[in-house]
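Listed below are the residues making up each chain.
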Amino acid sequence: MNFSPNEKRAGLLAPLFALRTEHDLGIGDLEALRQFIDWARALGFSLVQLLPINETGGDHSPYNAISSRAIDPTTLHLAPGSPSHLTAEDFAEVTRAVDLAALRRGSVRYEKVKPL
């Protein structure tokens, strides 16, 4: 993308954990980001900026990442069919002990999402 000082642009800044969908694990994921980008573009925005999405340590701060090159695996979109070999049965088995509806409401619960 080429930027010119003669062109005005507008964009949005959002932390990925704030971009939540009804099917995520309560932490925001790359599918939510894809939907956010499409929404922003439809409204005429040309830029989307995120807080860092590197894998974090125990304090979950995006600025205290344990790697400068690794995406946090919790941001991957995981649902039946995503990735393609993840079946509904496998997803249900892994999430059986978790109340997904509660996980998707309110604050992000990193301590419950990371093990999933």
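Chains are numbered independently. Their residues run from 1 in the order of the written sequence. Whole-chain, interface and lining totals are the exception, using all residues; otherwise, since this is a predicted model, local features are given only for residues with pLDDT of at least 70 and side-chain atom pairs are given and counted only at 80 or more. To obtain the side-chain values, all non-hydrogen atoms of the structure were used and water was disregarded.

A. Focus on the overall build of the protein. Looking only at helices and strands, one finds four helices and two strands in the protein. Sequence-ordered secondary structure for the protein, helices as α and strands as β, is β-α-β-α-α-α. Only protein chains enter the accessibility calculation, which uses a 1.4 Å probe. A residue is then buried if its area is under 20% of the maximum for its type, exposed if over 50%, and partly exposed in between. Taking all 116 residues of the protein together, the buried fraction comes to 26%. In this analysis, two residues are considered to be in contact whenever any of their non-hydrogen atoms come within 4.5 Å of each other. Sequence-distant contacts in the protein: of pairs separated by 6 or more residues, those separated by 24 or more amount to 48%. In the form shown here, the protein has an accessible surface area of approximately 7800 Å², with 55% of it arising from carbon and sulfur atoms. Distance between charge centres in the protein, computed from 12 positive and 14 negative side chains, equals 6 Å. In this description a helix means any DSSP run of H or I spanning at least four residues, a strand means any run of E spanning at least two, and both kinds are numbered starting from the N terminus. Residue exposure ignores everything except the shown protein chains as possible cover, and the areas themselves are Shrake-Rupley values with a 1.4 Å probe. Charge assignment in this entry is limited to Lys and Arg as positive and Asp and Glu as negative, and neither His nor the chain termini are counted. For charged residues, the charge sits on one atom: NZ in Lys, CZ in Arg, CG in Asp, CD in Glu.

B. View of the packing of aromatic side chains. Here a pair means two rings of Phe, Tyr or Trp (six-membered ring of Trp) with centres within 6.5 Å. Their orientation is stacked below 30 degrees between planes, edge-to-face above 60, and tilted elsewhere. Within this structure, the stated rule accounts for one aromatic pair. Considering the side-chain rings of Phe-36 and Trp-39, the 5.8 Å spacing of their centres and the 25 degrees angle between planes classify their relative orientation as stacked. Pair noted here: Phe-36 and Trp-39 are both in helix α1 (residues 30-42), with a separation of three residues, about one helical turn.

C. Looking closely at the nonpolar core. Leu-25, Ile-27, Leu-86, Phe-91, Leu-100, Leu-103, Val-108, Tyr-110 and Val-113 form the largest nonpolar core, which has nine residues in total. Among the elements of the structure, α3 (100-103) and α4 (110-113) are those that each provide at least two residues to this core. With residues up to four places along the chain from it excluded, the contact list for Val-113 reads Leu-25, Ile-27, Thr-74 and Leu-103. What makes a nonpolar core is a set of buried Ala, Val, Leu, Ile, Met, Phe, Trp, Tyr and Cys residues whose side-chain atoms join them at distances within 4.5 Å. In terms of nonpolar packing, the next biggest core, distinct from the first, is built from six residues, Ala-14, Leu-16, Ala-32 and Phe-36 among them.

D. Examining the pairing of strand β2 (residues 47-50) more closely. One bridge is not enough; two strands pair if DSSP finds at least two bridges between them. Both strand β1 (residues 11-14) and β2 contribute to a ladder of four bridges, which runs parallel. For Gly-11, the partnering residue across the bridge sits in β2 and is Leu-47. One crossover worth recording links β1 to the parallel β2 by way of α1, and it is right-handed. With the strands pointing away from the viewer, any crossover whose connection runs clockwise from the first strand over the helix to the second is right-handed.

E. Spatial organisation of the side chain of Thr-75. For Thr-75, the location among the structural elements is in the loop between β2 and α2 (88-95). For Thr-75, a relative accessible area of 8% puts it in the buried group. At 2.7 Å, the side chain of Thr-75 and the backbone oxygen of Asp-72 are in polar contact. Contact partners of Thr-75, with chain neighbours within four places excluded, come to Leu-16, Gly-28, Asp-29 and Leu-30. We define a polar contact as two N or O atoms separated by no more than 3.5 Å, with the added condition that, inside protein, one atom must be a possible hydrogen donor and the other a possible acceptor, whereas residues neighbouring each other in sequence contribute only through side-chain atom pairs.

F. Expanded view of the pattern of salt bridges. Here a salt bridge means any side-chain nitrogen of Lys or Arg lying within 4 Å of a carboxyl oxygen belonging to Asp or Glu. Applying the stated criterion across every chain yields a total of three salt bridges. For Arg-34, the salt bridge goes to Glu-31, with nearest N and O atoms at 3.4 Å. A residue pair is termed a helical-turn pair when its members lie 3 or 4 positions apart in one helix, as Arg-34 and Glu-31 do in helix α1 at three residues.

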